[in-house]
Each structure stands twice: as structure tokens, then as C-alpha cells.
Amino acid sequence: MIRNGSHAAAEEEEQAEPSSSSRSPEKRKRVIRVWCDGCYDMVHYGHANQLRQAKAMGDYLVVGVHTDEEIAKHKGPPVFTQAERYKMIRATKWVDEIVEGAPYVSTLETLDKYNCDFCVHGDDITLTVDGKDTYDEVKRMGRYRECKRTQGVSTTDLVGRMLLLTKSHHSNVDNAAYQLHTDNFGKEVNRYKGKNYPIMNIHERTLSVLACRYVSEVVIGAPYAVGKDLLDHFKVDLVCHGKTEVFSDTDGTDPYAEPKKRGIFRILDSGNNLTTDDIVQRIIENRLQFEARNQKKEAKEMAVIEALKHKEDSLKTDAALTNN
Ligand code: CTP
């Protein structure tokens, strides 16, 4: 008899653990509700990776997103408005529900209000305007779990890339041959968007689109023109583009000529006219405030790191004295 894999696994589990079958149906099906909160400004793959890890620690993920006012008070002004940040988190895979305007400090009261078992945060320090750990209460009550923070990306870093027009992120890949290959994908974007683009390298952009809940698959380094081979290989039924301008290919041809010929090309209205240029513009306009915010954040974090190091050193000295 061929059995469905998951049924077989469930039966085996019941045999190995007879007590599980005597549990009440509600208990056996109890859903673990996980809470995450944050600013989620300029949502990037570090945020997505945090939400992915958090979801894997339970079954249902509730994400609290702070208001612009709360962020301005504790950190400095966000680049994206709260309405935009709510939309971005709603569109992120792994997120089941969002709480708009969640308080900056995570409390037991909030966890209980949304029936969450525990909250999950990356292994970095988050402080209030008065320098207090925003997770202090939930940590003390054992309702806190940590996940790995993703190295190499942060809102601060992206703001820096946009302000300084740096390109080092284009080549932060170790393997030289692979780097050449991926640099070429960057060049394609350079050609039609200008020399400072893309702001993120091909790996980062791949992770960003993969984190969008509407995306099923990504073709890394897809050719600029949507030609016969691509349409046939991936069995594409429909090709869509937003209302932004379509730039010609290097030979001056329309990159959507083939789908248009097949009658499978559609222009979509995303209902939003925000572009990367607009975001750069916002950052330039608020440059001084963002720079001040970044310096403040770094200084606060350094102070905490120093304090922790000091505490560790004195513990080591105590231990050495006791051993002697
Ligand atoms: N996070 C992460 N990896 C990153 C950036 C953020 O895991 N590279 C996690 C944080 O640890 C937190 C959540 O994403 O659990 C939301 O972070 P947020 O409140 O937006 O602020 P920051 O931690 O300051 O993130 P950023 O520096 O990108 O603003």
C-alpha cells in the first residue's frame, strides 16, 4: 500500500509516543503564535530573513510595525512612511498578520493581547531613547527567542549606499569568476538606469523578490529581452510590465517584442508611482537628519558593547581570583 508521507509520519509519531493520542484534540493541534516587532524601514532581505526564521520557530507569525512618530522619537525619522512599511510587511512571505502601530517597547501585555507565545528578535541590541533594552521585560519572563541577524545589510547601510553612491556591494562576492558573471548582471541595470544603479547586487535583489509573497520562482540573471527561449523554457502564459517606461535593448529593439507578437503582453497599474530615484531623493532631502540618526545609533550601541565587555572582564577577573 502506498501511503501519504505525512499521514505515515503522524502515525509513526503516535506509535512512538502513545501519550500523544490521549491528548485532547485542541492540545494536539495547538498553534504556536510568534510575535516580531520592529521599524522595518526600507524593508530588505535582512528583515525577510528574520521573519523567515521567526516563522520557523512556530506556526503563525504576527508582526508589529511601529508608527513614524515612535521611530522618530527613539531612532530618528524613517525613510518610508508607516503606510508604506505596513504594505511591505503585509507583502512579505511568512507573515500571517500585522499589527499597525505596535509599541516600541515589547511588553508581556502586547504578547498576551495578541495571544503570542513569545517574541523573536535578531541577535543585536535595540535600545529606547533612554538607552534601555526594549526586550528587557519579555527576556526576564522567558518569552523571548533570538534568531541570527543577517550580516551585510541594514537600513543604515542602504541609506549610506544611496547617499555616498558607493558600489562596493557590487563586488562583495568571493569567487572571482562568479563575480565577473554577476558584475555583468549589474552592468545591464547600469546601462539603462545610470551608473550608480543597482543599489543592491544580484544576490540581494534575488533575495528581495523571493521574499515577496506573490513570487513563486526567480530566474537569476534573466536576459533583458524576453525572447522565445525564455518563454518556451519556462512555459510562460503572460508577461507583465508596470506603467514605467520600457527602455530599448542594446540593439534598439523592444525587449517585449516576442510576447507582444504572441499576444501575451499586459501593462499593469501597480497603483503606486514610487521609484528608487524618489527614495534616493527623500534620503538626500533628509540627509542631515539621517546622518545624525546613524551616528546616534552607533554611539548608543558602542556604549552598550563597552558596558558588556567591562562586565565580562570583571567576571573573568573574579573567576581568576576565586581559582587562585
Ligand atoms: N534584522 C536582522 N538582520 C538585519 C537587520 C534587521 O535580522 N540585517 C532584524 C532585527 O534584529 C529585528 C528586525 O529585523 O529583529 C526588525 O529590525 P528593525 O526594527 O527594522 O531595526 P534594525 O535592527 O535597526 O534594522 P536596520 O538596521 O536594518 O534598520
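Below is a summary of the structure that appears in this document. Computed from a prediction, not measured in an experiment: that's the story for all the values here. (Residues numbered from 1 in each chain as written. Predicted model: local features only at pLDDT ≥ 70, side-chain atom pairs only at ≥ 80, totals over all residues. Heavy atoms only, no water.)

Attention now goes to the overall build of the protein. Across its full length, the protein carries 15 helices and seven strands. Residues classed as buried in the protein amount to 34% of the 324 residues present. Contacts in the protein between residues at least 24 apart in sequence constitute 72% of all its contacts with a sequence separation of at least 6. Here the protein has roughly 19,900 Å² of accessible surface; of this, 53% comes from carbon and sulfur atoms. (Helix = DSSP H or I, 4+ residues; strand = E, 2+ residues; numbered from the N terminus. Buried < 20%, exposed > 50% of the residue type's maximum accessible area, 1.4 Å probe, protein only. Contact = heavy atoms within 4.5 Å. Areas by Shrake-Rupley, 256 points an atom, 1.4 Å probe, with all protein chains shown as cover.)

Attention now moves to the layout of surface pockets. Its boundaries defined by the atoms lining it, the second largest pocket holds a volume of some 200 Å³. Contributing to the lining of the second largest pocket are Asp124, Ile125, Arg149, Ser154, Thr156, Asn294, Lys297, Glu298, Glu301, Met302 and Ile305. It is helix H15 (residues 287-323) that contributes the most residues to the lining of the second largest pocket, six residues altogether. A per-class count over the lining of the second largest pocket returns three nonpolar, three polar and five charged. (1 Å grid on protein atoms, 1.4 Å probe; cavity = no way out; pocket = protein on both sides within 12 Å on 5 of 7 lines; lining within 4 Å. Points joined across faces, edges and corners; volume = space filled by probe spheres on them. Nonpolar A, V, L, I, M, F, W, Y, C, P; charged D, E, K, R; others polar.)

To continue, consider helix H11 (residues 202-210). Listing the buried residues of H11 in full gives Ile202, Glu204 and Thr206. Here H11 starts with a cap whose side-chain oxygen sits 3.0 Å from the backbone nitrogen of His203, and that cap is Asn201. (Polar contact = N/O pair within 3.5 Å; in protein donor to acceptor, adjacent residues only side chain to side chain.)

We now examine the site of the ligand. As a structural note, the neighbourhood of the ligand is formed by 17 residues, with His44, Arg149, Thr150, Val153 and Thr155 the closest of them. Between Arg149 and the ligand, the recorded distance is 2.9 Å, taken from a side-chain N or O atom to an oxygen atom. One of the backbone nitrogen or oxygen atoms of Thr150 is found 2.9 Å away from a nitrogen atom of the ligand. Relative to its free-state accessible area of 550 Å², the ligand is covered by the protein chains to the extent of 97%. (Near = heavy atom within 4 Å.)

Here the focus is the sheet that holds strand S4 (residues 118-122). The five strands lie next to each other as S3-S2-S1-S4-S5, forming an open sheet whose pairing is parallel. Each edge of the open sheet is held by one strand with a lone partner, namely strand S3 (97-100) and strand S5 (144-147). Between one strand axis and the next, the sheet turns through 30° on average, direction left out of account. When strand S1 (residues 33-38) meets S4, the two strands line up parallel, connected through two bridges. Across the sheet, Trp35 pairs through a bridge with Cys119, a residue of S4. (Pairing = 2+ DSSP bridges. Axes fitted to C-alpha atoms, helices over the stretch in contact; angles between N-to-C directions.)

It is worth spelling out the packing of helix H9 (residues 155-164) against helix H14 (residues 276-285) at this point. Close contact between H9 and H14 brings their axes to 10 Å; oriented N to C, the two are set at 90°. Accordingly, the angle class assigned to the pair H9 and H14 is roughly perpendicular. Contacts between H9 and H14 involve Val159, Met162 and Leu163 from the former and Thr276, Ile279, Val280, Ile283 and Ile284 from the latter. Of the residues that constitute the contact of H9 with H14, the class distribution is seven nonpolar, one polar and no charged. (Parallel < 35°, antiparallel > 145°, perpendicular 65-115°, else oblique.)

Tallied over the full model, the rule gives three aromatic pairs. Considering the side-chain rings of Trp35 and Tyr114, the 5.5 Å spacing of their centres and the 15° angle between planes classify their relative orientation as stacked. In this pair, Trp35 is assigned in strand S1 and Tyr114 in the loop between helix H7 (108-113) and S4, connecting sequence segments 79 residues apart. Residue classification places Trp35 among the buried residues on the basis of a relative accessible area of 1%. Between Tyr256 and Phe265, the aromatic rings sit 4.8 Å apart at their centres with planes inclined by 35°, giving tilted as the arrangement. Above the plane of the ring of Tyr144 lies Lys139, whose end atom (NZ or CZ) is 4.9 Å from the centre. Sitting over the ring of Phe265, Lys260 keeps its end group 5.2 Å from the ring centre. (Phe/Tyr/Trp six-rings, centres within 6.5 Å; stacked < 30°, edge-to-face > 60°. Lys NZ or Arg CZ within 6 Å of the ring centre and 35° of its normal.)

Once that is clear, we can look at the side chain of His241. Tracing the backbone shows His241 in strand S6 (residues 239-241). Note on His241: relative accessible area 17%, which makes it buried. Here Tyr256 takes part through its side chain, which lies 3.0 Å from a polar atom of the side chain of His241.

A few words now on helix H6 (residues 82-90). When we look at burial in H6, the residues that qualify are Glu84, Arg85, Tyr86 and Ile89. On its buried face, H6 is in contact with helix H4 (45-56), strand S2 (60-65), helix H5 (68-74), S3 and H14.

Okay, the pattern of salt bridges next. Summed over all chains, the structure comprises 18 salt bridges. A salt bridge links Asp232 to Arg262; the nearest nitrogen and oxygen atoms lie 3.0 Å apart. One end of the pair, Asp232, is in helix H12 (residues 228-233); the other, Arg262, is in helix H13 (residues 257-262), with 30 residues separating them in the sequence. Owing to a relative accessible area of 45%, Asp232 belongs among the partly exposed residues under this scheme. Ionic pairing is found between Arg262 and Glu258, a salt bridge with its closest N-O pair at 2.8 Å. Of this pair, Arg262 and Glu258 are both found in helix H13, four residues apart, which corresponds to roughly one turn of the helix. (Salt bridge = Lys/Arg side-chain N within 4 Å of Asp/Glu carboxyl O.)

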